[in-house]
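# Structural characterization, general
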Amino acid sequence: MTNSTLPTVTNLAEEKLSKISQENWAPGLEKRPPFSDKLVSHIYYQEVRNHPNRLRQTMMLEYSQYLENYLIVNYAESASVPHILSMAIMINEKFRERVPTWKSFDGHEDVFKLVFHRVLELLLLNDDSLLLTEQTVLLVFLMHCINSLEVSLVRNQIQRLVSLPIWVCLSNERRNEELKNIPELKKFWSALERKDAKSDDSTRKKNDFERNFLSNLIKRFLQILLSIRSENVEASAPKIHFCERFIELMIDLEAFLPTRRFFNTVLDSEHVVVACKTSSLAQLKEGRLFVELLERLEFYAGFEINDHSGEPLNDKQMLDLHYKRVYGLQKMTFKLLPELREFSLLCVSQADTRQHLLKYFNSLSTKKLNKLVRHLNLVKCDEKKKFEKSFLTELIAHRFQRRKSQLEAINSLPLYPVEKLIWDKNIVPGDYFTGEGCLALPKLNLQFLTLHDYLLRNFNLLRLESTYELRQDFEDALFRLKPYKSDDGITAFRGWARYAMPIDAFTIIEVAKPKIGESHPSSVRADLTITLNLREEIKSEWEALRLHDSVFLVTIRAPNTTHLSKVTDSFDKELGVVYIRGCEVEGMLDEDKKVISDIPDQRPVLKGNVRSFRVHLDPNQYQQDMTAALDGQEDIYQTFNIVVRRNPKQNNFKAILETIRDLMNTDCVVPDWLHDLLLGYGDPDAANYKTLGRYINDADWNDTFLSYEHLVSSFPLYEVVTESGEKDPSPPFVLNFEENDIKKIVVKPHIIPNRGPYPFNKPRRNSIKFTPTQIEAIHSGMQPGLTMVVGPPGTGKTDVAVQIISNLYHNWPDQRTLIVTHSNQALNQLFEKIIALDVDERHLLRLGHGEEALETEKDYSRYGRVNYILIFLLNALNFWMKLSDFKIVWASLEMFHIHVKQLFLYQVMSRWEEFYAKVTESKDVELISNFFPFTLFFCNAPQPLFKKLSYEEDMEIAEGCWRHIRKIFTQLEEYRAFELLRSGLDRSHYLLVKESKIIAMTCTHAALKRREMVQLGFQYDNILMEESAQILEIETFIPLLLQNPVDSRSRLKRWIMIGDHHQLPPVIQNMAFQKYSNMEQSLFTRLVRLGVPTIDLDAQGRARSSICELYNWRYKSLGNLPHVEDLDIYQKANTGLCFDYQLIDVGDFNGVGESEPMSHFFQNLAEAEYVVALYVYLRLIGHPASSISILTTYNGQRHLIQDIVNKKCLNNPLIGVPKVSTVDKYQGQQNDFILLSLVRTKSVGHLRDVRRLIVAMSRARLGLYIFGRVSLFRDCIELSPTFKILVQRPLQLFLLPHEEHPTNRKLKERPAVDPLIIQNVQHMCHFVYQFYADKVSQMNENLRAKNTLSDEVKSSDEVVKLDDETEDKHQTTET
């Protein structure tokens, strides 16, 4: 679909559908005409089904709220077929557009039940009353229902189709066999038969229809499938599409445990997979997608799981089942077929190969094969149909052949994609995915069969997403090389690319023997040579290739004519791309062919431009290629002529794939309280602390509360009492929760012991007054189990996270907490706030490459912490010399550290005990200062050390000094291992594994380093994840498994997830993976969909309350913190602007609205000029550039705005440059003023995703000014809550150019002067130009006046000086 087919504003206003909508169901229509079924039929047949641009018409109808305002509200049991089909089409369109669907049936639940039943009836029609394309529409509707099981309205209907009663369609023999294997189902089946015997005819008829529906649908599909013939493929296109959608429906039913539990047996009994394999469609070129879908169906039909219990089956269990089946086959052949006596006596390993099965059973007649399959209960015994021999032999081979285990399959899979996969559009679709067709891709939905299934789906999707990104890189780099075929027939290159170079030489240097139990080589190494005749900065990029970087070897054979002017769909064929193989860099080679170290100081300077690299090839891929070469195909590794590298920031996909594969090869032990929840089953409340049964009553809340009054107000549902009866105790508090009939909290105030006399010894205290909801989030985070916190914009998610970490640290000092975020920016913000609290810095560790952006004086990276400890150890001897009266000269610092424990006991602690005994006996305040043994040590502390006011006060100071000394020796004891560990790497590993208590990293770093951490023995007890809704599902899961289980159980006690699923999800480049596979769904969002309890923060402190109203409707009960109303900055108006927010209607500029110079590169010149003009105006009246950000919804517009800003503002010191970004990139940031460009004028575009709207509306603190086409966005149902508020204000920009920043005008105060009303962009540009000129002129006048005044002062000074000299001369003369 091209953009020209999309409905535009003009279409909406002028086309027939729009007029019909305005007259019959438009929102706000005061008097609607009576419902007309003829109108529904006319719209369906004339405007949708038979229209040449059906998708465009469907989009217009859905956008006009046809479903909600006309079809649903006017539905009756006697509704026509066009009415049903129209509803199905509208629902499918909502799913395609990814907008909320089932809310349309709120209050109309009975309508959905009726519609659903009618859809089932229409799907089974076997006449010509419905086109096959129409039945395909109904199939897609049913598929969307199956993928919406979290909606009770839908789930109740689907359950009736897939529950135990559907086994009525099985043969009696097969059903009895299944019931025998699962005895507990037998009593349910007996009860079902008794109930059916008592039911009336209508109920029995309805039940029979629902129970046999899927079986009858399969028969209908097989009928259509067998009607496809190779002679008339073009006419069979609708049939092919129907068959593809049907297989997709079967996959969806098999991929959910609730739907596959009983259906999988029905699917097996109908032999769908075998029928598809033997069909004509499977042999046709047009059936390629069908075959790929069939492979997925076959995979899930034979998935390694117990369908009844849901327990995963290991290799041994699967083998036992397989042996049982083959033994049954051999037993039956021995009994019935004497001619197969040899087969009957074979061992299983010889009898269960496809080759042997076909060899023996092809020798039988069709009659004997039919008899055999009936005795094996593979078909119904009473079925008179005679099957063809090809079908029967395939059925036996499919049923009894040994299948390769899923684990073997994944371990033999190459991690690097090859050329066939890279350009296979069925598996890796192109840039634009309409959502109309189906794809052979896994889907991420609510539930997964097993953890292996969970990991496998994510593995495949991540691999394909990486393949798509690789394809873009290859197309860009190889296109720039401009290959051509020279006169001598050799491929040459007339262009150049930054990321691609011709290969001078490529040699395989080692193929290592396979490991025990493996068939592929353990490693394959090769040397690669290239010539770098490049600029120094690009040459240095190639030389910077380091260990584990991925590069790609390409074979290009340019065709005779290569005149590509742009990248096309057949790019690989037109350019001559023959082979692509990935490899991993080991390092660059020196002149002696040895790998150069990655340490910069140890890298030699190489002469010339020729560089060699050692690389590791993928052993699995190498084995496949060599096997093909032995069969007569070309040796690929002798053909490479191009090497392609990637941007290092995007080149970590292989490491993440390896991590996932490692997890599939290990027993993934997740906490028992999380296992079912991760798979999407069980009680959603099961992991919550209130139901987990591990409640902790007593806990130290440290500095969470600012006062006792704050504590009481934080628990409105509890009776709060103090243990001592004190009325107003001071924090910190220990709270004891008594969950009885009367909820009570017993408060025990306590005093933090003195830690020493230095200022840094004083505990750092929290200064935030948390709200009751934030306190509940902190309380939940301190309890064992899963805590999910939904944090709307500005509600203090980070502050809550930091307080949870602090409380865990102080309550359970032996436990270790892992912090994981999506971005380095969020991680650094969180880490900086942790540093500011009362957490010992020696227990903090920040991993990853974003540490350098931390705005702290100290280095918290691995090596920064190592240096911190080394400095501490070097100072240890000074500590001792100050403490001891004995001047001992140590042979080495190591000797001192070895004896530190004895020194502490005999030289330090003995003196403290002597002092303590002396002063506690007399209780004399003077004795404390006189006999304190460490006065000299604390001579650099604030003096006087002891105040001598009371014995208790001075004794507390003395004990604080002792605690300070004792802590030093405790640290010395902890760091003794540093004397045994000599390398910085070993020391950093020791810190990670033993010393650090709070470890922070990004989710990407966790995925990359998982294998290393597990090998080191890394352990942790708690995980806190910030930005959880922005992290990919698999990248959320991996941090749970960064440690080995203890006694086959996970050590993890708490999992705190903080995020906002109402804001933007993880970024997925490929639209097909994003929409079709639902890869953008985060684990946080999935758990919310499953109904897991969340704590929703309900008070924001970022934006004005008026701006908050633009997005708070999306949250349960989002209010404002008091300071949003009380602070002066929020009470004052925005200087130079009449309103604190406005929607400005922007028309065409020179007759042009939105433009698209490149595919999906949307721009709008009018809005860009308008936005920049407003920015210049704000700067001229005094607003700082740093307080203004310009946002837009499209990257193309960002580039356009940036160009205009650079042209008009970059070199102008009076104006300066603002922050220009897209809405997506700006998530997590904020500013005082946001100028937002909506860009689109023809269709709403991706702003229709409400999550993007929420992010856009919530970035501003004081002022939000939106530029867009009001007529387009106003009527969009998803955006209406926000735009209904926006359009209540004038749609023209109101300015107050007489004001200077900062203004004293109050927000609700009427301006003293009438505002300047801007009519359009031309008016704004002209005004700003004149305003700028006037400002510059005024500044010049002020400067001249200042200079004139300065000259006058200078002249006056000279006159005074001259008068003084004259006076002196006069006096001298007189003298």
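Residues numbered from 1 in each chain as written. Predicted model: local features only at pLDDT ≥ 70, side-chain atom pairs only at ≥ 80, totals over all residues. Heavy atoms only, no water.

### A word on the overall build of the protein chain
The following threshold applies: Starting at the N terminus, helices and strands are each numbered in turn, a helix being any DSSP run of H or I of at least four residues and a strand any DSSP run of E of at least two. We compute the radius of gyration over the C-alpha atoms and compare it with the globule rule, which gives 2.2 Å times the number of residues raised to the power 0.38. Under the scheme applied here, a residue whose accessible area is under 20% of the maximum for its type counts as buried, over 50% as exposed, and between as partly exposed, the area being computed with a 1.4 Å probe on protein chains only. Residues count as neighbours in contact if any of their non-hydrogen atoms are within 4.5 Å of one another. Per-residue accessibility takes into account occlusion by the displayed protein chains alone, with areas from the Shrake-Rupley method and a 1.4 Å probe. Charge assignment in this entry is limited to Lys and Arg as positive and Asp and Glu as negative, and neither His nor the chain termini are counted. By convention, charge coordinates are those of NZ in Lys, CZ in Arg, CG in Asp, or CD in Glu.
Within the protein chain, the secondary structure is distributed over 56 helices and 30 strands. Taken over the C-alpha trace, the protein chain has a radius of gyration of 38 Å; the compact-globule value for 1375 residues is 34 Å, and the two agree within 12%. For the protein chain, the spread of C-alpha atoms along the three principal axes comes to 145 × 90 × 85 Å. Looking at the protein chain residue by residue over its 1375 residues, the buried ones come to 54%. A separation of at least 24 residues holds for 75% of the contacts in the protein chain among residues at least 6 apart in sequence. Split by element, the accessible area of the protein chain, about 62,300 Å² in all, is 51% carbon and sulfur. A distance of 6 Å separates the average location of the 169 positive side-chain charges in the protein chain from that of its 181 negative side-chain charges.

### A short note on the sheet that holds strand β19 (residues 1095-1096)
Here is the rule: One requirement defines pairing of two strands: DSSP has to find at least two bridges between them.
As summarised here, the arrangement of the seven strands in space is β15-β16-β14-β17-β18-β13-β19, forming an open sheet in which the pairing is parallel. The outermost strands of the open sheet, each flanked by one partner alone, are β15 (844-846) and β19. For strand β13 (residues 785-790) and β19, the ladder comprises two bridges, and the chain directions are parallel. When the sheet's bridge partners are listed, valine 789 is paired in β19 with isoleucine 1095.

### Focus on the pairing of strand β24 (residues 1161-1164)
The two faces of β24 match: Phe1161 and Gln1163 on one face and Phe1162 and Asn1164 on the other face are all buried. In this sheet, β24 lies alongside strand β23 (residues 1154-1158) in antiparallel orientation, the contact comprising three bridges. Residue serine 1155 lies in a different strand from β24, and its bridge partner there is glutamine 1163. Turn length for the β23-β24 hairpin, with the two strands adjacent in sequence and antiparallel, is two residues, and the turn residue histidine 1160 shows positive phi of about 60 degrees.

### Some thoughts on the sheet that holds strand β8 (residues 642-644)
Going by this rule: Axes here mean lines fitted to C-alpha atoms, for a helix over just the part in contact, with angles spanning 0 to 180 degrees between N-to-C directions.
Strand order in the closed barrel made by the six strands is β3-β4-β7-β6-β5-β8, with antiparallel pairing throughout. Taken over all neighbouring pairs, the strand axes of this sheet differ in orientation by 45 degrees on average, direction set aside. In this structure, strand β5 (residues 550-556) lies alongside strand β6 (residues 577-588), joined through seven bridges in antiparallel fashion. Directly across from valine 551, in β6, lies its bridge partner cysteine 583.

### Describing the pairing of strand β12 (residues 743-749)
As paired strands, strand β10 (residues 719-722) and β12 are joined by four bridges and run parallel to one another. The residue of β12 that forms the bridge with valine 721 is valine 746.

### Focus on the side chain of arginine 614
Note the cut-off: For this analysis, a polar contact is any N or O atom pair within 3.5 Å, provided that within protein one partner can donate a hydrogen and the other can accept it, and provided that sequence-adjacent residues contribute only side-chain to side-chain pairs.
Inspection of the secondary structure assignment puts arginine 614 in strand β7 (residues 610-617). A polar contact of 3.5 Å, which involves the side chain of arginine 614, links it to the backbone oxygen of lysine 593. For arginine 614, the contacting residues outside a window of four places in its chain are Ile509, Arg525, Ala526, Asp527, Glu584, Val585, Glu586, Gly587, Leu589, Lys593 and Val595.

### Let's talk about helix α17 (residues 315-336)
This is how the line gets drawn: One less than the residue count of a helix, multiplied by 1.5 Å, gives the span that helix is expected to have. Note that the arc is defined by the directions from the helix axis to the C-beta atoms.
A rise of 1.5 Å per residue sets the reference length of α17, with its 22 residues, at 32 Å; its end C-alpha atoms lie 31 Å apart and thus fit the reference within 8%. Here α17 has its buried residues at His322, Val326, Leu329, Gln330, Met332 and Thr333. Axial view of α17: buried residues confined to an arc of 165 degrees, hence all on one face. Across α17 from its buried face, at more than 90 degrees, point the exposed residues Lys316, Lys324, Tyr327, Lys331 and Lys335. Taken together, the buried residues of α17 touch α18 (341-344), α19 (348-351), α20 (354-361), α21 (366-375) and α22 (389-400). Measuring from the side-chain oxygen of the N-cap residue of α17 to the backbone nitrogen of lysine 316 gives 3.2 Å; that N-cap residue is asparagine 314.

### Regarding the environment of glycine 984
Within the secondary structure, glycine 984 is located in helix α42 (residues 984-995). Excluding residues that lie within four positions of it along the chain, glycine 984 makes contacts with Tyr863 and Val866.

### Some details on empty space enclosed by the protein
The criterion, for reference: Cavities and pockets were defined on a 1 Å grid built from protein atoms only: a cavity is a group of points that admits a 1.4 Å probe but offers it no way out, a pocket is an open group of points flanked by protein on both sides within 12 Å along at least five of seven lines, and a lining residue is one with an atom within 4 Å of any such point. Grid points are joined across faces, edges and corners, and a volume is the space filled by probe spheres set on the points. Ten residues, namely Ala, Val, Leu, Ile, Met, Phe, Trp, Tyr, Cys and Pro, are considered nonpolar, four, namely Asp, Glu, Lys and Arg, are considered charged, and the remaining ones, Gly among them, are considered polar.
Scanning the entire structure with this criterion turns up nine cavities of 30 Å³ or more. Lining of the largest cavity is provided by 16 residues; of these, Ile251, Asp252, Leu441, Pro442 and Lys443 occupy positions nearest its centre. In terms of residue class, the lining of the largest cavity is built from nine nonpolar, two polar and five charged. What lines the second largest cavity is Pro684, Ala687, Asn688, Ser780, Leu786, Thr787, Met788, Val1092, Pro1093, Thr1094 and Ile1095. Take the lining of the second largest cavity: its biggest share by element is three residues, from β13. Grouping the constituent residues of the lining of the second largest cavity by class yields seven nonpolar, four polar and no charged.

### Remarks on the packing of aromatic side chains
Centre-to-centre distance and the angle between the planes together describe a pair of aromatic rings. Our working rule: What counts as a ring pair is set by centres within 6.5 Å for rings of Phe, Tyr and Trp (its six-membered ring), and what kind of pair is set by the plane angle: stacked under 30 degrees, edge-to-face over 60, tilted for all other angles. Criterion for a charge above a ring: Lys NZ or Arg CZ within 6 Å of the ring centre, and within 35 degrees of the ring normal.
A complete count under the given rule lists 62 aromatic pairs for this structure. Considering the side-chain rings of phenylalanine 105 and phenylalanine 112, the 5.4 Å spacing of their centres and the 75 degrees angle between planes classify their relative orientation as edge-to-face. Just as phenylalanine 105 is buried, phenylalanine 112 falls in that class too. The rings of Tyr758, Phe760, Trp912, Phe915, Tyr916, Phe932, Phe934, Phe937, Phe938, Phe946 and Trp962 are connected pair by pair, giving a single aromatic cluster. If you follow lysine 187 out to its NZ or CZ, it ends over the ring of phenylalanine 188, 5.8 Å from the centre. In this structure, arginine 341 is placed above the aromatic ring of phenylalanine 334, and the distance from its NZ or CZ to the ring centre is 4.3 Å.

### Comments concerning the pattern of salt bridges
Heads up, the condition is: Just to be clear on terms, a salt bridge is a Lys or Arg side-chain nitrogen sitting within 4 Å of an Asp or Glu carboxyl oxygen.
Scanning the entire structure with this criterion turns up 78 salt bridges. We note a salt bridge from arginine 842 to glutamate 995, for which the minimum N-O separation is 3.5 Å. In this pair, arginine 842 is assigned in the loop between α35 (824-835) and β15 and glutamate 995 in helix α42, connecting sequence segments 153 residues apart. With relative accessibility at 5%, the residue glutamate 995 sits in the buried group. Here aspartate 1128 ties to lysine 1306 by a salt bridge, and the two come within 3.8 Å at their closest N and O atoms. Within this pair, whereas aspartate 1128 is found in helix α50 (residues 1128-1131), its partner lysine 1306 is found in the loop between β29 (1294-1295) and β30 (1316-1317), the two being separated by 178 residues in sequence. A relative accessible area of 40% means that aspartate 1128 is categorised as partly exposed.

### What about the state of the cysteines?
The condition that has to hold: By disulfide we mean two sulfur atoms from cysteines, separated by a distance within 2.5 Å.
Tallied over the entire structure, the rule returns zero disulfides. Among the cysteines around cysteine 668, which has no disulfide bond, cysteine 1003 carries the closest sulfur, lying 18 Å off.

### Brief notes about the packing of helix α25 (residues 451-481) against helix α29 (residues 653-664)
Basically, it comes down to this: An angle below 35 degrees is treated as roughly parallel, one above 145 as roughly antiparallel, one from 65 to 115 as roughly perpendicular, and anything else as oblique. Each crossing is labelled by how the near helix is turned from the far one, with a counterclockwise turn of less than a right angle marking it left-handed and a clockwise turn marking it right-handed.
α29 packs onto α25 with a crossing angle of 165 degrees between their chain directions and a minimal axis gap of 10 Å. Classed by the angle they form, the pair α25 and α29 counts as roughly antiparallel. For the crossing formed where α25 meets α29, the hand is left-handed. When α25 is examined against α29, the residues His452, Leu455, Leu456, Phe459, Leu462, Arg463, Ser466 and Leu470 are found in contact with a partner set consisting of Phe653, Ile656, Leu657, Ile660, Arg661, Leu663 and Met664. Taken together, the residues of the contact of α25 with α29 break down into 11 nonpolar, two polar and two charged.

### Thoughts on helix α6 (residues 81-97)
When the terminal C-alpha atoms of α6 are compared, their 24 Å separation across 17 residues agrees well with the 24 Å that a helix rising 1.5 Å per residue should span. Most of α6 is tucked away: 14 of the 17 residues are buried. Of the residues one or two after α6, arginine 98 is the one with positive phi, at around 60 degrees.

### Remarks on the side chain of threonine 1303
Position of threonine 1303 among the secondary structure elements: in the loop between β29 and β30. According to the relative accessible area criterion, threonine 1303 is buried, its value standing at 8%. Reaching out from threonine 1303, the side chain makes a polar contact with the backbone nitrogen of arginine 1305 at a distance of 3.1 Å. Apart from the residues lying within four places of it in its own chain, the contact partners of threonine 1303 are Lys1132, Ala1133, Asn1134 and Thr1135.

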